Amino acid sequence: MITLTAVRLNLIPRGADKLSKPFYVTTPIYYVNDKPHIGHAYTTIAADLLARFHRLAGRESFFLTGTDEHGSKVAEAAAEAGVSEIEFCDKTVETFKEAWKNLEIDYDYFIRTTSQRHEKAVWKILDAMRAARLEDGREVVYSDYYEGLYCTGCEKFLTEKELVDGECPDHRKVPEKLREKNYFFRLSAYLPVLKQKIESDELKILPEERKREVLGLIDQDLPDFSLSRERVKWGIPLSFDDSQVAYVWVDALSNYISAIGYGDDPAQFDKWWTNAEVVHLMAKDILKFHCLYWPAMLMAAGLKLPDTLFLHGFFTVDGQKMSKSLGARIDPNDMVAEFGPDGTRYLLLTQYPFGIDGDIQASRFISQYNSDLANDLGNLVSRVAKMVMVNFDGRLPQPYNGLEGLQELMEQAERLPNAAHEHINHFRIGQAIGDAITMVRAANKFFNDRAPWNLAREGRTEELGGVLYACCEILRIVSVVLYPVMPSKMRELRKVLSLDDDTLTLVNAREFFNLQPGAKISINEPIFPRLKPSKEQKTTETEKKTKSADNLLDISEFARADMRVAKVLTAEPVEGADKLLKLQVDLGNHKRQIVAGVARHYSPEKITGMNIIVVTNLKPATIRGVESNGMLLAASKGSKLVLLVPDGDLPLGARVS
Ligand code: MSP
């Protein structure tokens, strides 16, 4: 008996106590001077999925998102638009709400930092921090002067180290030198205890790599930070000094508690903060503020820390950064128009593992949609339902046990809900989804292997019924596990099986043989109609957008490419690559090696001696094991390719502009 209890205790997963608490999940609040793009959508969909999944598992969940509406950037954008700040905010907030509605984001509360509720909470936390004293009696908040390099784009002071060529690397602007009176927060006093809490996972920072990054920051002895700003006018004035407004990050971070009643509803606050498992989701771009400033502020105010900060990857689109002014952007509304809310949610969450950086290529969306959703999942639903309709009058047949492969399939299906739950508890969103799709593929294989059309022809009705029953059961289980990813489509699937929301629970998904024989099975339209990329229009709507207006270069960006006239001195094939030539080129003041994909169009003899144009300031690349330092300019269409050459004599090294 004693041993059994001990064994049982060992089986309780670490952190299981948390699982019995209410679950509170947040996204960052997004800047209103930007329009929603798929970066914002990614975090928001993930948070929505987590909240929905925990609800399926029977846990009370609260999901918060919102907008960050103060700061000089917003004021500038409003001035540019010729409206007041609040008018500007009221309008752009709607673009976020609209995007979230289109994506079927089911948040419990939308916090705006311009709301009175929020303002009240910011005053309260500032007061609490101001009243706080360190063990040695020093004040946590003190007044001093701050001088630094401020980027209005980032709304933060930048360190010299962060600048590239004297400019903010994100906004390509020279920051302003500013000196002003500020109230400071004594972050330095909290770093040792934060370090200990992070190392011990009392404050869990995930993934591991981000935890190491935060610990690395602590070791750099970060300076204290300002709680207020004098220059910024569009913000929450301090209750104790109206020459200052709350620093935008102090204002913004407080949203996580203002939204659940810190300033005005103690019972709600206790429920969703003090007694809940609190999870903040975001990308790694805002790590320092969330992993250090925010917990330190909470400690000073005498509040509980969040349980987990999960910093997912930051992605590029077609290799380019997505920002307001630069690079490719994908509007989630365009994706919804093309793939529906469910398809968009699925596609975004499955591009790469949650927590890892990646590149998103819109050109891959259609084929992935067709393969995973139209072919694997949609097709299974259609063919199973149709066979029930044709052979069993639309009524679910009886299960049948003796089918080859059924045992393994059932075991896999019974494992799926728990495994997915476990993945979700560890933020392995991609794996939870991947397991469900693998299950669908296994069911398709089972279906094909059992060749139900032969069973029908041969009149082996019981076996035929058994194959269809098993596939319907699997679809039922999958409809629960994938519901948090694709809520509408999984409801549609459940309608095919005559299931309503009462049985939409993880507990229900755990047992096989849950569907009642005789239940009505019917389908009219495929649930994921196949998408056809039209022949002449190979680029998708979403892809076209990334290549159009929002993606225009300004002259300074184009001018960053350094292009020069060069002469090809020697050329030779690259072993094992019939498209490549290894070239030595002369740029006037130096020579360099370039690997170029022109071998099908230019023989070594033909290209040697040609004057060509080379992009010289690319990062070196290794192509087929050969180093390449530059790129040739060429024009191509279909199978034709010609090199661009200077029309006339110019010294080698002459700049092309
Ligand atoms: N307003 C601040 C956050 C304050 S939270 C107290 C802010 N806003 S933001 O609009 O810039 O949003 C940043 C967040 O948007 C990222 O942390 C991430 O959640 C999401 N993403 C924005 N671009 C992204 C990618 N390119 N890739 C992944 N997520 C991205 O910072």
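What counts, and at which threshold
- Residues numbered from 1 in each chain as written.
- Predicted model: local features only at pLDDT ≥ 70, side-chain atom pairs only at ≥ 80, totals over all residues.
- Heavy atoms only, no water.
- Helix = DSSP H or I, 4+ residues; strand = E, 2+ residues; numbered from the N terminus.
- Buried < 20%, exposed > 50% of the residue type's maximum accessible area, 1.4 Å probe, protein only.
- Contact = heavy atoms within 4.5 Å.
- Areas by Shrake-Rupley, 256 points an atom, 1.4 Å probe, with all protein chains shown as cover.
- Lys, Arg positive; Asp, Glu negative; His and termini not counted.
- Charge placed at Lys NZ, Arg CZ, Asp CG, Glu CD.
- Pairing = 2+ DSSP bridges.
- Near = heavy atom within 4 Å.
- Polar contact = N/O pair within 3.5 Å; in protein donor to acceptor, adjacent residues only side chain to side chain.
- Nonpolar A, V, L, I, M, F, W, Y, C, P; charged D, E, K, R; others polar.
- Expected span 1.5 Å × (residues − 1).
- pLDDT = per-residue confidence, 0-100.
- Salt bridge = Lys/Arg side-chain N within 4 Å of Asp/Glu carboxyl O.
- Phe/Tyr/Trp six-rings, centres within 6.5 Å; stacked < 30°, edge-to-face > 60°.
- Domains from an automatic or database assignment.
- Buried area = accessible area lost by both parts, 1.4 Å probe.
- Axes fitted to C-alpha atoms, helices over the stretch in contact; angles between N-to-C directions.
- Parallel < 35°, antiparallel > 145°, perpendicular 65-115°, else oblique.
- Left-handed = near helix turned anticlockwise from the far one by under 90°.
- Core = buried A, V, L, I, M, F, W, Y, C linked by side-chain atoms within 4.5 Å.
- 1 Å grid on protein atoms, 1.4 Å probe; cavity = no way out; pocket = protein on both sides within 12 Å on 5 of 7 lines; lining within 4 Å.
- Points joined across faces, edges and corners; volume = space filled by probe spheres on them.

Caption draft 1: View of the overall build of the protein chain. A count of helical and extended segments in the protein chain gives 23 helices and 26 strands. Dimensions along the principal axes, computed over C-alpha positions, put the protein chain at roughly 80 × 80 × 55 Å. Looking at the protein chain as a whole, 53% of its 657 residues qualify as buried. A separation threshold of at least 6 residues defines the contact pool for the protein chain, and within that pool the share at least 24 residues apart is 75%. Only carbon and sulfur atoms are counted for the fraction: they give 50% of the accessible area of the protein chain, which is about 30,300 Å². Here the protein chain holds 83 positive side-chain charges and 92 negative ones, and the gap between their average locations is 3 Å.

Caption draft 2: Just the sheet that holds strand β10 (residues 228-229), in detail. Ordered by their spatial adjacency, 3 strands build an open sheet running β10-β12-β11, and the pairing between neighbours is antiparallel. Two strands lie at the open edges of the sheet, namely β10 and β11 (237-238), each paired on one side alone. As defined by bridge partners, β11 adjoins strand β12 (residues 241-246) across 2 bridges and the pair is classed as antiparallel. Bridge pairing links P237 to V245 in β12.

Caption draft 3: Representation of the site of the ligand in the model. Residues in close proximity to the ligand total 24 residues, the closest being I29, T43, D68, D285 and F315. Between D285 and the ligand, the recorded distance is 2.8 Å, taken from a side-chain N or O atom to an oxygen atom. In this structure, F315 approaches the ligand through a main-chain N or O atom, which is 2.9 Å from a nitrogen atom. Surface burial for the ligand is 95%, taken as the share of its 660 Å² of free accessible area covered by protein chains. Going through the elements one at a time, β2 (30-31), α3 (38-56), α9 (248-253), α10 (255-258) and β13 (277-283) are the ones with two or more residues in the shell around the ligand. By residue class, the composition of the shell around the ligand is 14 nonpolar, 8 polar and 2 charged.

Caption draft 4: Summary view of the side chain of S628. By secondary structure assignment, the location of S628 is in strand β22 (residues 626-628). At 3.5 Å, the side chain of S628 forms a polar contact with the backbone oxygen of G630. For S628, the residues in contact, after removing those within four places along its chain, are Q593, I594, V595, P620, A621 and I623.

Caption draft 5: Expanded view of unusual backbone geometry. Cis geometry marks the peptide bond from L206 to P207; its omega dihedral reads -10 degrees. Along the chain, the position of P207 falls in the loop between β8 (204-206) and α8 (208-219).

Caption draft 6: View of helix α18 (residues 461-481). Here α18 spans 30 Å end to end across 21 residues, near enough to the 30 Å set by a 1.5 Å rise per residue. α18 sits mainly inside the fold: 18 of its 21 residues count as buried.

Caption draft 7: The confidence of the model for the protein chain, seen in detail. Counting all residues, the mean pLDDT for the protein chain is 91, and 92% of those residues have values of 70 or more. Counting interchain partners and residues more than four positions distant, the pLDDT-below-50 stretch residues 1-14 has 0 contacts.

Caption draft 8: Spatial organisation of the pattern of salt bridges. Applying the stated criterion to the full structure yields 31 salt bridges. E139 is the partner of R133 in a salt bridge, and the nearest nitrogen-oxygen pair spans 3.6 Å. The partner of R210 in a salt bridge is E213, and the shortest N-O contact between them spans 2.9 Å. Here R210 pairs with E213, and both are found in helix α8, just 3 residues apart, close to one helical turn.

Caption draft 9: Quick look at the packing of aromatic side chains. This model, assessed by the stated rule, comprises 31 aromatic pairs. Ring centres 5.1 Å apart and planes at 25 degrees place the aromatic pair F185 and F225 in the stacked group. Residue F185 is located in strand β7 (residues 176-185), and its partner F225 is located in strand β9 (residues 225-226); the two are separated by 40 residues in the primary sequence. Neither residue differs from the other here; F185 and F225 are each classed as buried. Ring-pair connections join several aromatic residues into one group, and the members of that group are Y24, F62, Y256, Y262, F269, W272, W273 and W294.

Caption draft 10: How the structure looks around the domain arrangement of the protein chain. Assigned domains within the protein chain: domain 1 (24-326), domain 2 (361-552) and domain 3 (558-656). Domain 1 and domain 2 are separated by 40 Å when their C-alpha centres are compared. At the interface, 17 residues of domain 1 touch 21 residues of domain 2. Taken together, the two surfaces of domain 1 and domain 2 that pack against each other cover about 1,800 Å², and 69% of this comes from carbon and sulfur. Summed over the three residues of domain 1 that lose the most area to domain 2, namely L49, F53 and L56, the buried surface amounts to 38% of that side. The tally of links from domain 1 across to domain 2 stands at 0 salt bridges. Summed over the shared surface of domain 1 and domain 2, the number is 3 residue pairs in polar contact (both at pLDDT 80 or more). Broken down by element, the residue count for the side of domain 1 that touches domain 2 peaks at 7 residues, all from α3.

Caption draft 11: Up close: the packing of helix α14 (residues 365-392) against helix α16 (residues 429-450). Orientation of α14 relative to α16, taken along the N-to-C sense of each, is 45 degrees, at an axis distance of 10 Å. Between α14 and α16, the crossing angle belongs to the class labelled oblique. Remark: the crossing between α14 and α16 carries left-handed chirality. Residue-level inspection shows S371, D372, N375, D376, L377, L380, R383, V384 and M387 of α14 in contact with α16, the latter providing V440, R441, A443, N444, F447 and N448. Looking at side-chain class alone, the contact of α14 with α16 contains 7 nonpolar, 4 polar and 4 charged residues.

Caption draft 12: Expanded view of the environment of A470. Relative to the helices and strands, A470 resides in helix α18. On a C-alpha basis, the gap between A470 and L650 in space is 75 Å, while along the polypeptide they are 180 residues apart. The contacts of A470, once residues within four sequence positions are left out, are L406, F446 and F512.

Caption draft 13: Focus on the nonpolar core. Core analysis: the biggest nonpolar cluster contains 116 residues, and L281, L377 and L482 have the highest contact counts within it. Sorting elements by how many residues they give to this core places α18 first, with 13 residues. Domain assignment of the residues forming this core places at least three in each of domain 1 (24-326) and domain 2 (361-552). The contact partners of L377, leaving out residues within four places of it in the chain, are D372, V440, L475, V478, L482, M486, M490 and F528. Counting residues in hydrophobic clusters, the runner-up holds 67 residues, among them M129, L203, I257 and W294.

Caption draft 14: Fine view of empty space enclosed by the protein. Taken as a whole, this structure holds 3 cavities of 30 Å³ or more when the rule is applied. When its volume is computed, the largest cavity comes out at roughly 70 Å³. If you go around the largest cavity, you meet 14 residues; those closest to its centre are G71, V232, A246, Y247 and V248. Residue composition of the lining of the largest cavity, by class: 7 nonpolar, 4 polar and 3 charged.

Caption draft 15: A look at the pairing of β13. With respect to burial, β13 is a largely interior element, 7 of its 7 residues being buried. Neither face of β13 is exposed, since E277, V279, L281 and A283 on one face and V278, H280 and M282 on the opposite face are all buried. Both strand β1 (residues 23-26) and β13 contribute to a ladder of 4 bridges, which runs parallel. Residue pairing in the sheet places Y24 in a bridge with V278 of β13. Of the strand pairs in this sheet, β13 and strand β14 (residues 308-312) are connected by 5 bridges, and their pairing is parallel. Paired with V279 across the bridge in β14 is T308.

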